[in-house]
2 protein chains.
Amino acid sequence: MPAPMTETAKLSHQLIELYERLSSWEQDVVKSSGLSTPQMHTIEIVGHSDSLRMKDLAKKMGVTTGTLTVMVDRLEQQGLLKRTPHETDRRSYLIALTEKGQELFSEHHQYHLHLTEEITSTLSREEQAQFSAVLEKIIGQM
Amino acid sequence: MPAPMTETAKLSHQLIELYERLSSWEQDVVKSSGLSTPQMHTIEIVGHSDSLRMKDLAKKMGVTTGTLTVMVDRLEQQGLLKRTPHETDRRSYLIALTEKGQELFSEHHQYHLHLTEEITSTLSREEQAQFSAVLEKIIGQM
DNA sequence: AAATGTTGTTTGAGTGTCAAGATGTTTGTT
DNA sequence: AACAAACATCTTGACACTCAAACAACATTT
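Let me sum up the structure you'll find in this document.

Reading the values: the criteria
- Residues numbered from 1 in each chain as written.
- Chains lettered and ligands numbered in written order.
- Predicted model: local features only at pLDDT ≥ 70, side-chain atom pairs only at ≥ 80, totals over all residues.
- Heavy atoms only, no water.
- Contact = heavy atoms within 4.5 Å.
- Buried area = accessible area lost by both parts, 1.4 Å probe.
- Salt bridge = Lys/Arg side-chain N within 4 Å of Asp/Glu carboxyl O.
- Helix = DSSP H or I, 4+ residues; strand = E, 2+ residues; numbered from the N terminus.
- Nonpolar A, V, L, I, M, F, W, Y, C, P; charged D, E, K, R; others polar.
- Expected span 1.5 Å × (residues − 1).
- Buried < 20%, exposed > 50% of the residue type's maximum accessible area, 1.4 Å probe, protein only.
- Phe/Tyr/Trp six-rings, centres within 6.5 Å; stacked < 30°, edge-to-face > 60°.
- Lys NZ or Arg CZ within 6 Å of the ring centre and 35° of its normal.
- Near = heavy atom within 4 Å.
- Polar contact = N/O pair within 3.5 Å; in protein donor to acceptor, adjacent residues only side chain to side chain.

### Some points on the interface of chain B and chain A
Line of reasoning, step 1. Taken together, the contact between chain B and chain A spans 47 residues of the former and 47 residues of the latter.
Line of reasoning, step 2. For the chain B and chain A pair, buried surface summed over both sides reaches about 5300 Å², with 67% attributable to carbon and sulfur atoms.
Line of reasoning, step 3. The partner of B:K137 in a salt bridge is A:E127, with the nearest N and O atoms 3.2 Å apart.
Line of reasoning, step 4. Put simply, the parts of the chain that give the side of chain B that touches chain A at least two residues each are α1 (5-31), α5 (99-119) and α6 (125-141) of chain B.
Line of reasoning, step 5. Taken together, the residues of the side of chain B that touches chain A break down into 21 nonpolar, 16 polar and 10 charged.

In structure tokens form, the structure reads like this:
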């Protein structure tokens, strides 16, 4: 038996609101770095993955490899990313951050941590723990 | 005194994960409607606002009015949106959904409700209420 | 009435996106 | 070994999104 509609509707609205605010926050932060949002997204995923192939990066980002080719080209030109040939599969490259890319990634990661601290600052330890537990359940559900 | 880094880091990671999943869910749903993501976003905002001027719509969406002009053009061509002259300010239009646009909006809204029901299905009533309360605090904080 | 500000449109340039086709590589079958 | 099929990436062409700057029409202020 599902919860009454009003409860679900309220939660839905709150999730959308949270999403919108995170989105515009991210947009503002990224803009100040001089990169576009998709470019920063690429940096973030590569940064979290150490190194990966075009195909896998494309899949994680939900774009085609054709889209990625030119994106990686530009990030490479800016010295943030580098392609190195795959050791055993000569069709593939491994994409990884350069030092400059690492710095940018770290800085952006710090921004995320600061935001998280800020928005949870009004929560008690207990509430934080509850929130984290619920998030884990939800994420596992999706 | 801030929470220990590990807690904040965990929450930050969970928020990012939630955001990413909502993002890819939305992308999939929108794709099946034949519209682009920014187009559907426009429909959603207009749908929630009844009617509003280009300038206000642009501000809510975080884009310039120049960007909006062509977007509204295309949505108008598809019969989803309509411009009507502002009664007192002859520089402005009021943007509103057509019936067809309303239908699309309602359908998409239903998708959101279904997703919300799904992802909160493993939560008890109490957990849902806690979650909602925490979201309210966080959103108020941003 | 004139100056200034605002609203929406247009234009030009760059980026993001995909589908389809091309190239070189690997894997599987014969 | 030779061939075919599958694969990873890149290229190309077409279109959408985005902005900044310039513009026209209208509103507000002085």
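Still more to cover.
### Details of helix α6 (residues 125-141) of chain A
Line of reasoning, step 1. Its 17 residues place the ends of α6(A) 24 Å apart at the C-alpha level, agreeing with the 24 Å of an ideal helix rising 1.5 Å per residue.
Line of reasoning, step 2. Considered for burial, the residues of α6(A) that qualify are A:Q128, A:F131, A:S132, A:V134, A:L135, A:I138 and A:I139.

### Considering the packing of aromatic side chains
Line of reasoning, step 1. Throughout the structure, instances matching the rule amount to two aromatic pairs over all chains.
Line of reasoning, step 2. Look at A:F131 and B:F131: their rings are 5.9 Å apart centre to centre, the planes differ by 25°, and that puts the pair in the stacked class. In this pair, A:F131 is assigned in helix α6 and B:F131 in helix α6, connecting two distinct chains. With respect to burial, A:F131 and B:F131 carry one shared label: buried.
Line of reasoning, step 3. In this arrangement the basic side chain of A:R83 is found over the ring face of A:Y93, its NZ or CZ atom lying 5.9 Å from the centre.

### Re the protein's contact with DNA strand C
Line of reasoning, step 1. In the vicinity of DNA strand C, 24 residues are found, and the nearest of them are A:S36, A:T67, B:K55, B:R83 and B:R91.
Line of reasoning, step 2. Close to the protein, within 4 Å, the atoms of DNA strand C belong to sugar or phosphate groups at a rate of 79%.
Line of reasoning, step 3. The backbone of A:T64 places a nitrogen or oxygen atom 3.0 Å from a phosphate oxygen of DNA strand C.
Line of reasoning, step 4. One of the side-chain N or O atoms of A:T67 is found 2.8 Å from a phosphate oxygen in DNA strand C.
Line of reasoning, step 5. At the level of elements, α2 (37-49) and α4 (65-77) of chain A together with α3 (54-61) and α4 (65-77) of chain B are the ones that each hand at least two residues to the surface near DNA strand C.
Line of reasoning, step 6. For the surface near DNA strand C, the element with the most residues is α4(A), which contributes four residues.
Line of reasoning, step 7. Across the surface near DNA strand C, the residue classes tally to six nonpolar, 10 polar and eight charged.

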